[in-house]
Each structure stands twice: as C-alpha cells, then as structure tokens.
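So you can see what is in the structure, the chains are spelled out below.
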2 protein chains.
Amino acid sequence: MSEQIYIGVDLGGTSIKTGICDQNGQLLKVIETPTQTELGTDAVLNNIAASTRLIIKESPYSWDQVQGIGAGVPGFMDFEEGFMHLSPNLPLTNVPMKKILEEKLGKTVVINNDANVAALGEAWSGAGKGVNILVCYTLGTGVGGGIVIHGKILQGSSGMGGELGHMAIVPDLEATQCGCGQMGCLETVSSATGIIRMAKDAVERGDRTMLVDVVSITAKDVFDAAKAGDETANRIVKRAAYYLGKSIATLAVTVNPDRFVLGGGVSNAGDLILNPVREVFQKFTPAKAQENVDIVIAKLGNNAGVIGAAGLCLR
Amino acid sequence: MSEQIYIGVDLGGTSIKTGICDQNGQLLKVIETPTQTELGTDAVLNNIAASTRLIIKESPYSWDQVQGIGAGVPGFMDFEEGFMHLSPNLPLTNVPMKKILEEKLGKTVVINNDANVAALGEAWSGAGKGVNILVCYTLGTGVGGGIVIHGKILQGSSGMGGELGHMAIVPDLEATQCGCGQMGCLETVSSATGIIRMAKDAVERGDRTMLVDVVSITAKDVFDAAKAGDETANRIVKRAAYYLGKSIATLAVTVNPDRFVLGGGVSNAGDLILNPVREVFQKFTPAKAQENVDIVIAKLGNNAGVIGAAGLCLR
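Bear in mind the structure is a predicted one, so any value in this text is a computation, not a measurement.

Definitions and cut-offs
Residues numbered from 1 in each chain as written. Chains lettered and ligands numbered in written order. Predicted model: local features only at pLDDT ≥ 70, side-chain atom pairs only at ≥ 80, totals over all residues. Heavy atoms only, no water. Helix = DSSP H or I, 4+ residues; strand = E, 2+ residues; numbered from the N terminus. Expected span 1.5 Å × (residues − 1). Buried < 20%, exposed > 50% of the residue type's maximum accessible area, 1.4 Å probe, protein only. Salt bridge = Lys/Arg side-chain N within 4 Å of Asp/Glu carboxyl O. Axes fitted to C-alpha atoms, helices over the stretch in contact; angles between N-to-C directions. Parallel < 35°, antiparallel > 145°, perpendicular 65-115°, else oblique. Left-handed = near helix turned anticlockwise from the far one by under 90°. Contact = heavy atoms within 4.5 Å. Nonpolar A, V, L, I, M, F, W, Y, C, P; charged D, E, K, R; others polar. Buried area = accessible area lost by both parts, 1.4 Å probe. Polar contact = N/O pair within 3.5 Å; in protein donor to acceptor, adjacent residues only side chain to side chain. Least-squares fit on C-alpha atoms with pLDDT ≥ 70 in both. Core = buried A, V, L, I, M, F, W, Y, C linked by side-chain atoms within 4.5 Å. Domains from an automatic or database assignment. Pairing = 2+ DSSP bridges.

1. A few points about helix α3 (residues 114-125) of chain A
All names here are of chain A. Here α3 contains 12 residues, and its C-alpha end-to-end distance of 17 Å stays within 8% of the 16 Å for a straight helix at 1.5 Å per residue. Judged by how many residues are buried, α3 sits mostly within the fold: 11 of 12 residues are covered. Inspection of α3 places Ala115, Asn116, Val117, Ala118, Ala119, Leu120, Gly121, Glu122, Ala123, Trp124 and Ser125 among the buried residues, and these make up the whole buried set.

2. Quick look at the pattern of salt bridges
Residues and elements named next belong to chain A. Applying the stated rule across the entire model yields 20 salt bridges over all chains. With its nearest N and O atoms 3.6 Å apart, the salt bridge here joins Glu103 to Lys99. On the criterion of helical spacing, the pair formed by Glu103 and Lys99 is a turn pair, its members being 4 residues apart in helix α2 (residues 97-105). The same class applies to Glu103 as to Lys99, namely exposed. Its salt-bridge partner being Asp294, residue Arg259 comes within 3.0 Å of it at the nearest N-O pair. Of this pair, Arg259 sits in strand β11 (residues 259-263) while Asp294 sits in strand β12 (residues 294-297); the two residues are 35 residues apart in sequence, bridging distant segments of the chain.

3. What to know about the packing of helix α6 (residues 219-227) of chain B against helix α7 (residues 231-252) of chain B
Residue and element names in this part refer to chain B. Interhelical geometry of α6 versus α7 gives an angle of 120° and a closest axis separation of 7 Å. In terms of their interaxial angle, α6 and α7 are classed as oblique. You can see that α6 and α7 cross each other, and the crossing is left-handed. Contacts from Val222, Phe223, Ala225 and Ala226 in α6 reach Ala233, Asn234, Ile236 and Val237 in α7. Partitioned by chemical class, the residues of the contact of α6 with α7 number 7 nonpolar, 1 polar and no charged.

4. Quick look at the interface of chain B and chain A
With 42 residues of chain B at the interface, the matching set in chain A holds 42 residues. Taken together, the two surfaces of chain B and chain A that pack against each other cover about 3,200 Å², and 60% of this comes from carbon and sulfur. The largest contributions to the chain B side of the interface with chain A come from Met160(B), Thr254(B) and Lys288(B), which together make up 18% of the buried area. Remark: the boundary between chain B and chain A carries 2 salt bridges. In this structure, the salt-bridge partner of Asp172(B) is Lys246(A), at a minimum N-O distance of 3.3 Å. Across the chain B-chain A interface, the total number found is 26 residue pairs in polar contact (both at pLDDT 80 or more). Within the residue set of the side of chain B that touches chain A, elements represented by two or more residues are β9 (143-149) and α7 of chain B. In terms of residue count, α7(B) provides more of the side of chain B that touches chain A than any other element does, 5 residues in total. Class assignment of the residues belonging to the side of chain B that touches chain A gives a composition of 22 nonpolar, 13 polar and 7 charged.

5. Comments concerning the relation of the copies chain B and chain A
Between the two copies, chain B and chain A, the superposition gives an RMSD of 0.0 Å; the rotation angle is 180° and the shift along the axis is 0.0 Å. Put plainly, the chains are arranged around a two-fold axis. Residue Pro171(B), judged by its C-alpha, is the member of chain B lying nearest the rotation axis, at 3.2 Å. When the interface residues of chain B are mapped onto chain A, 100% of them are again interface residues, pointing to one common binding face.

6. Comments concerning the nonpolar core
Formed by 107 residues in total, the largest nonpolar core has its most connected members in Tyr137(A), Phe260(A), Tyr137(B) and Phe260(B). The biggest single contributor to this core is helix α7 (residues 231-252) of chain A, with 12 residues. Residues contacting Phe260(A), with those up to four places away along its chain left out, are Val135(A), Tyr137(A), Ile248(A), Leu251(A), Ala252(A), Phe281(A), Val293(A), Asp294(A), Ile295(A) and Val296(A).

7. Regarding the environment of Gly68(B)
All names here are of chain B. In this fold, Gly68 is placed in strand β4 (residues 66-73). Judged by its relative accessible area of 0%, Gly68 falls in the buried class. Separated by 109 residues in the primary sequence, Gly68 and Gln177 have C-alpha atoms spaced 41 Å apart. Once residues within four sequence positions are removed from consideration, Gly68 is found in contact with Ile5, Tyr6, Ile7, Thr108 and Cys313.

8. Digging into the side chain of Thr52(B)
Take Thr52(B): it is sitting in helix α1 (residues 41-57). Among residues more than four places away in sequence, those in contact with Thr52(B) are Ile7(B), Val9(B), Thr18(B), Trp63(B), Ile69(B) and Leu105(B).

9. Concerning unusual backbone geometry
Phi angles above zero are rare outside glycine, and Asn94(A) is one such case at about 55°. Among the structural elements, Asn94(A) can be located in the loop between β6 (83-86) and α2.

10. Description of the domain arrangement of chain A
All names here are of chain A. Segmenting chain A into domains produces domain 1 (5-120 + 303-311) and domain 2 (131-298). Summarising the inter-unit geometry, the C-alpha centres of domain 1 and domain 2 are found 28 Å apart. Contacts between the two partners involve 9 residues from domain 1 and, on the opposite side, 14 residues from domain 2. Each partner contributes to the roughly 830 Å² buried at the junction of domain 1 and domain 2, and carbon and sulfur atoms together form 61% of this total. Counting across the interface, domain 1 meets domain 2 through 0 salt bridges. Seen at the junction of domain 1 and domain 2, the total is 1 residue pair in polar contact (both at pLDDT 80 or more).

11. Some thoughts on the pairing of strand β8 (residues 133-139) of chain A
Residue and element names in this part refer to chain A. Summarising burial for β8: 6 of the 7 residues are buried, a large majority. Pairing of β8 with strand β9 (residues 143-149) involves 7 bridges; the strand directions are antiparallel. Across the sheet, residue Ile133 finds its bridge partner in β9, namely Ile149. Counted between consecutive antiparallel strands, the loop separating β8 from β9 contains 3 residues.

12. Points about the side chain of Ser191(B)
All names here are of chain B. Structurally, Ser191 is set in the loop between α4 (187-190) and α5 (192-205). A distance of 2.9 Å separates the side chain of Ser191 from the backbone nitrogen of Gly194, its partner in a polar contact. Apart from the residues lying within four places of it in its own chain, the contact partners of Ser191 are Gly140, Thr141, Gly142, Val143 and Val266.

Below is the structure:
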C-alpha cells in the first residue's frame, strides 16, 4: 500500500484521539489514548507523539506514507508558528508545540484550535463537503466556530476569525456576562451551558416546568422537556435558537456562505433547534442572501476533530 | 511611456466618472461625463465605452497600454458573468454588461458593485493599503460595504458578501423597516437617511432641539447641531454610532480584519462618529480580537470608486 495518508490528533483534557485519513478525508482508523495532563507538559507532548507512532503500528500503513500530522488543540495559539500561548485545561502554556513535535516525529506538524479544526473536518468530508464557503458552529459547553473559504480556515488578523461564540448578539438589557468577561455573547444563550443556566433561572424563579423535578439539569433534559410539551423548556429552546438564528442572519450578509453547519452536543436536538433557527434566519435575512443557502446538522459527530486535524496538512 | 495602466469607471445615475490608474493604484487622471440614463440602455453603454476612449485621448497614454477596464455599478449582478440583473437608477435590467463592453472595447472588462469597488480602492491605495484583511463601510444614503481578503473581494455564495447595511443589528422592539423590506437593518440607523429620519422623528415628537428651525434636515445639520451641544442631535449621533460599533464588534470575531475603514458622507463627521464607534467596539469585543485592529476614516473620498474599479482588473 503506497497511498498517501494524514494523521489527525484531537487533543482533549482526558484523552488524545488520533486518526488516519486518506487524501479524501475518509477516516481509516482511530484510537484513543490518555492525555495524562497531571504528568505535565513533556508527558503530554510525548503522549501525542507516541499516539501517532502507535496508530501506524496498529495499522496496515507505514510511517513513510504519513504526509503530515495535524493537531486540534483548545486554547489560544499562534497558528503560523504553532506556538501555544494558553490552553485552559492543558499544561501547554507558552509551548512551541509545532517545533517540539516536528523534532520528535520528523514530519510536518500543523496545529490549530479545536473549533476551526472541526469546521475544516465538516468542510472536507462532512456536512460541508464540496461547498465553497462554509460557516460551522460547535454548540457545546461553549460556542465555537470556524469559517472555511475554499478549503482554507479564515484565521483573521489575530486568530479570532470564526470565534462565533463571542458575537455580541444579545441586546444590552437582556444580556448576561460571558466567561470571556464581555456582556451578551452568543455563547451565553446558545451553548449547553447557556441553556442550562436559563433552565436553572426558570426553576429558581418558580416558573411552571417539569424541570423542577430534575436534580442536575442538562441541555438534553431541557430538549426532552420541550418535546414533551413543557412551555418553559420550549421558551428556553426558542431563545437559544433565536439568537443563533440572528447571528446566522448577520453572517449571511457579511461572509455570505453557501452553507451553515451546526455541530456539538446542542445540535443533537435536531429539528427542535433547526426549525426555529431557520425561521429566524428567514425573517432577518434579505431574500438574495438566502438563495441556495442552507442550514444543516453536522455529519461527523465526535470525529470532526480528528478528520479536520488530518486535513490541516493538506488544505 | 510604456507603463501598464488600468481604467476604472464609477457609474452613477447622473455622471460617469472615469479614471486611469497605474499598477500601484495611483490615480493619474480622472474625467466626468454625463450618463444620460434618459436615453436608455444602449446610450448608457455607449457612453461608458466612449468615456474610456476619451480619457485615453486626453491623456499622454495610448490605448495599447490599457491592461483592462473595471466598472463599479450600483445594483444586483452576477460578478463572474458580468451580467446586471437590476440597477435601481439605471436602465441596466438583465444586461450582459461585461460581454457588450468587451465587444465594444476589445479589452477585458470586469464589473462589480459600487460598495465592493470602493472597499477595493481603499485596500489598494487608500486607508487599507498594505492590510491583509479589510472591512470597509460606505455610510451614505444607504450603508454599503466590502470585505477584502488578501486583495480579493469576498463576494460570497450569492453575491451578498460584505452587504454590511443589511445586518439585522437593531433589536426587534426598537427596529424600523429597511428599504429592503426587513426589520432592523444597520442601514436604518447608521446611514445618512437613517440619521435624517431619527432627526425628523425627534422634531415631530417635539423633542427640544435646534433642528426644529432647519427647513430640510441633512445628516450634516445633525452633526453640526451635535457639535454645537444640541442634546437631541447628540443622542441621534450616538445611536447611529452605537449600532455601527456593534456591527463592527460582530465582524471582529468572525472575519477578524486588521482594519475597519469608514467611508461615505457620514464619515465626514470624523471624530464625532469615530470616537463613540470605537468605544462601543471596545466594550463588545474580546481583547484578543481588538489586538492590532484599528478603525479609521477612508482616505480616497469620492475617488475610491474609480480607483477600486481600475483595481478590479488587477486584483
């Protein structure tokens, strides 16, 4: 077997997910190994390097076939240099990751942030395949995002391109403070955390809702309650969808992508979130910016990260 | 003289502005001729062609030195094909402009919309010179815009890239209807028309303001009154600046440009509009997306259109 292959690494706080992709973004194999953050910077870097050697050893491919290694890492970094400034849950403060990993592995290493990488994965072989301009939301604990234009991530001037969670989209009088310190970020309402907060507020206020009986509310609980006809839960879902839809309307007349992809845990709600988002998008977007534009759910699930990371080397 | 030159045409409802640029975007000569819309489609197209012949004739350059001709046209068009679907004030409905002009002139012709072209002009040799990613607002009768990434206009999937005036930025309860039919577009508050509307509303409501004595209020009247300490006028200017600043904050975490340029008549207010816009931008943008990002007034004034149009052939 002499085909060219690409390794993608999705680095998380507890595990390192490592995959092999072919040149069309098909995932050929994937493994998970422990990150061992508690052992410090060197251990984490050694574990990443080891995971790439291990997956090749366990596969029918050879190390020579590896064209490059990409890694998706949560945090702030200099993409060109591959220098990590800060990662919230990883011992990677001020670490020249690219340089160190390239020395360890003797291959080109490219790093980028996790949300950008997920967007690239969906663009390469997921819900955005074949699309020229793609905007991808990752609706999880926070709201991440990535903008992919003709196969390339829009990094922006200071690496803040596609940071969709921090669009100041909630009007001042209804705004709450975001983890970033700013008021009214999209993340405060359309993330799982935002949905949970709104549900807890409703319960504390004494709003009539079946969520009052749930011990530790999750976003899924809120969606389940909404499906069961709970009015309070429905109001919360609508609010999350409303601001998400408004942010999409804004992007439709600025970046004007062919497609919006919604990924992350919140997107598992499917039509329950998709339908109201589409309604808001249609209401606040000029007809011409809706032409041939669709909003769909992500396809690659938890593999978007490894696939996109592998794609970093190619695209 | 054998240098390569580029012709730019800025097509307006009353006059055709035609210019010659060198390959650095320096405007070497500019002329104005009548559009004569009342004579119909053929006359307008002939007048455009004639203006390009005329400017060369009146210049020290030869027709052979012309590398291409670009035209900025208000309206909706297919950029690739150079096909005009509709122009509000010109007899150019369903006209294959590029094809017809290329036949008449024997040179490559590129067309684009006026706001995109102005942005490209500023990026080429104006306030955005040397900048990788530029977002340019044209704050005139409406609010136009253009996003230029590494010298190329971001057209978007349906030609609605950079249509900044139609970002749905005003919250529902404060929104008024835009000319496009949608509620709460940036254009309803931050254009000259929006500022005038807010001033007329204030006068009609009986708000205390010196504008009550002005017969036909212009945006400049509002700015002059604000400078003279008129509180009502100051509130109006602050509102126009507030939503403009919020739209900039949104773009700072999505497109994340190096620089924002404000052009068009409203930008003549200078610091009066720039200072509150910067304040709002700083308040609603995460620190990292403010790094090395500035907001400045456009440099090329009314020549941005011809210069950008000339640049269409090159960039």
